[in-house]
Amino acid sequence: MFDSAILDTAIGVIFVLILFSTVCAAVRESIESILKTRASYLEYGIRELLADKGAGGLVEKLYNHPLVAGLFAGDYRPPTSGTRSVSDWKRRNLPSYIPARNFATALIDMAARGQVGTPPPAGPPGKIDLDAIRKTVSTLQNDRVERVLLNAIDLAEGDINQAVANLAAWFDSGMGRVSGWYKRLSSRIIFVLALVLALILNIDLLRISRELYGNDEQRAMLVAYAQSSVADPAFVEKRQQAFQHLQDKEFPVGWDQAQLDRLARVTGQTGDYAPGTFVDMLVWLVGFLFTAFAATLGAPFWFDVLNKVMVIRATVKPHEKSREERSQDNH
């Protein structure tokens, strides 16, 4: 059975990770608002899906269609290269999300009526008919998309709403790959951010664990904070509260004179340190790497872990108390 001090130490470390992960996520969102990498990856995914890597054909027509163009300000500009570069500042106006139904409806509309801006056929426009789309689908000038559209029509069995749903499902499956790309990018960015912030704020999980285990007052303080946060499901969304907690001088984070002296010894800046610097530096770096890796899991993950550990603690504490009472009775 776990000792309550070990459980309380784990709760304290997890709570610090929740706060730190929340701060990292806030910084990541600030960077995303500037770079617009989510929109860039979405547009690249659509280029892959529509087999138009240069974006000078069907992709440009799609983004200029009113059902999609209404989701962002300005005009669509094809990329200057075929890469997923986030440095194309002229294209930061693109939408970071396109509803699957908008995509599917716009594609069917272009297949039936041509791209926006082309001269309309003589007479008033008629209602879109699946049989008519079969005859005009070649106007898309994209063999892959034409085949997908015809397949969606065949499976719809005359129901245009089902055809739209089929195309929307195709879009969602393609965007699943985009989500994977973006998640991997975000994980790498958050890891680097977390490592830098951990070094700046001196958030070393190994050191924090040691200090909490040997400091009853700090451990009790963090457990109390953790208990109040568990009762608030929206806690992981409170960015400002996380910043305030990390700035609290009672938390086992930050650089004080003792930690600066330790850093100087570990990095060989003082002459009073005996051999063994490499091992100490390795342990020091491993602590920061653990912190950075843990932050990539996200605050919601650690909040779920905290809830589970709190349940275990609630079962351990009564057992310890009953053992203490029995011990006193024996005396």
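The structure this text deals with has already been given above.
I will try to describe carefully the structure that is included in this document. On a predicted model such as this, the values are computed, not experimentally measured, just so you know. Positions within a chain are numbered from 1, following the residues in the order the chain's sequence is written. Where totals are concerned, whole chains, interfaces and linings use all residues; where local detail is concerned, this predicted model gives features only for residues with pLDDT of at least 70, and gives and counts side-chain atom pairs only at 80 or more. Hydrogens and water molecules were not included; the side-chain quantities draw on all heavy atoms of the structure.

Brief notes about the pattern of salt bridges
We count a salt bridge whenever a side-chain nitrogen from Lys or Arg sits within 4 Å of a carboxyl oxygen from Asp or Glu. Applying the stated rule across the entire model yields 9 salt bridges. Among the ionic pairs, Glu43 bridges to Arg47, the shortest N-O distance being 3.0 Å. Linking Glu43 with Arg47, this pair stays in helix 2 (residues 37–49), spanning 4 residues, or about one helical turn. Using a relative accessible area of 2% as the deciding quantity, one classes Arg47 as buried. For helices the rule is a DSSP run of H or I covering at least 4 residues; for strands it is a run of E covering at least 2, with both sets numbered from the N terminus onward. Type-normalised accessible area, obtained with a 1.4 Å probe on protein chains alone, sets the label of each residue: buried when under 20%, exposed when over 50%, and partly exposed for intermediate values.

Points about unusual backbone geometry
One non-glycine residue with positive phi stands out, namely Ala51, at about 55°. With respect to the element layout, Ala51 can be found in the loop between helix 2 and helix 3 (58–64). Exposure remark for Ala51: the relative accessible area of 40% places this residue in the partly exposed category. With phi around 65°, Ala55 is a residue other than glycine that occupies positive phi space.

Looking at the side chain of Thr9
Topologically, Thr9 is positioned in helix 1 (residues 4–35). What Thr9 contacts, discounting residues up to four positions off in sequence, is Ser209, Leu212, Tyr213 and Arg219. Only heavy atoms enter the contact rule, under which two residues are in contact if any of them lie within 4.5 Å.

A few points about the packing of helix 1 against helix 2
Axes here refer to lines fitted to C-alpha atoms; in helices the fit is confined to the stretch in contact. Angles between the N-to-C directions go from 0 to 180 degrees. Between helix 1 and helix 2, whose axes approach to 6 Å, the crossing angle comes to 55°. By the angle class used here, helix 1 and helix 2 are oblique. On the side of helix 1, the interface is formed by Arg28, Glu32 and Leu35, while helix 2 contributes Thr37, Arg38 and Ala39. Residue classes follow a fixed rule: Ala, Val, Leu, Ile, Met, Phe, Trp, Tyr, Cys and Pro count as nonpolar, while Asp, Glu, Lys and Arg count as charged, and any other residue, Gly among them, counts as polar. Residue classes in the contact of helix 1 with helix 2 are distributed as 2 nonpolar, 1 polar and 3 charged. Just so you know how the angles are binned, under 35 degrees is roughly parallel, over 145 roughly antiparallel, 65 to 115 roughly perpendicular, and the rest oblique.

With respect to helix 7 (residues 143–156)
For a helix, the expected span equals 1.5 Å multiplied by the number of residues minus one. Its 14 residues place the ends of helix 7 20 Å apart at the C-alpha level, agreeing with the 20 Å of an ideal helix rising 1.5 Å per residue. Turning to helix 7, its buried residues are Val145, Glu146, Leu149, Ala152, Ile153 and Ala156. All buried residues of helix 7 lie within an arc of 125° about the axis, which places them on one face of the element. Opposite the buried face of helix 7, by more than 90 degrees, sit the exposed residues Asp143, Arg147 and Leu155. Once helix 7 ends, the next one or two residues include Glu157, with phi positive near 50°. In this context, the arc is that of the directions from the helix axis out to the C-beta atoms.

Notes on the environment of Asp172
Structurally, the position occupied by Asp172 is in helix 8 (residues 160–201). Here Asp172 falls in the partly exposed class, since its relative accessible area comes to 46%. Placed 73 residues apart in sequence, Asp172 and Pro99 show a C-alpha to C-alpha distance of 9.1 Å.

Observations concerning the nonpolar core
Among buried residues, those of type Ala, Val, Leu, Ile, Met, Phe, Trp, Tyr and Cys that are joined through side-chain atoms within 4.5 Å constitute a nonpolar core. Counting 44 residues, the largest nonpolar core has Ile46, Leu50, Tyr63, Phe103 and Leu149 as its most contacted members. Among the elements of the structure, helix 2, helix 3, helix 5 (100–113), helix 6 (130–136), helix 7 and helix 8 are those that each provide at least two residues to this core. Contacts of Ile46, omitting those with residues within four sequence positions, involve Val59, Leu62, Tyr63, Ile98, Phe171 and Met175. Membership of the second largest hydrophobic core comes to 42 residues, among which are Ile208, Ala226, Phe288 and Phe303.

A word on a nonpolar patch on the surface
The patches described consist of residues with a relative accessible area above 30% and no salt bridge, like charges being joined within 9 Å and nonpolar side chains (Val, Leu, Ile, Met, Phe, Trp, Tyr) within 5 Å. Shrake-Rupley sampling with a 1.4 Å probe provides the accessible areas, and residues are treated as covered by the protein chains on show and by no other component. A cluster of nonpolar residues, Val192, Val196, Ile200 and Leu201, forms a patch on the protein surface that exposes about 330 Å² of accessible area. Examined against the element boundaries, Ile200 turns out to sit in helix 8. Judged by its relative accessible area of 53%, Ile200 is exposed.

Looking at the environment of Phe301
When you line up the elements, Phe301 lands in helix 14 (residues 299–330). On a C-alpha basis, the gap between Phe301 and Ser21 in space is 9.7 Å, while along the polypeptide they are 280 residues apart.

Considerations on the packing of helix 1 against helix 8
Closest axis-to-axis distance for the helix 1/helix 8 pair is 9 Å, and the angle between their directions is 120°. It follows that helix 1 is oblique to helix 8 by the angle criterion. Taken as a pair, helix 1 and helix 8 cross one another with a handedness that is right-handed. In this structure, helix 1 uses Phe20, Val23, Cys24, Val27, Arg28, Ile31 and Glu32 to contact helix 8, whose residues at the interface are Tyr182, Ser186, Ile189, Ile190, Leu193, Ala194, Leu197, Ala198 and Leu201. Classifying every residue of the contact of helix 1 with helix 8 by side-chain character gives 13 nonpolar, 1 polar and 2 charged. Note on convention: the crossing is left-handed when the near helix lies turned anticlockwise from the far helix by less than a right angle, right-handed when the turn is clockwise.

On their own, these measurements won't tell you what the molecule is for.
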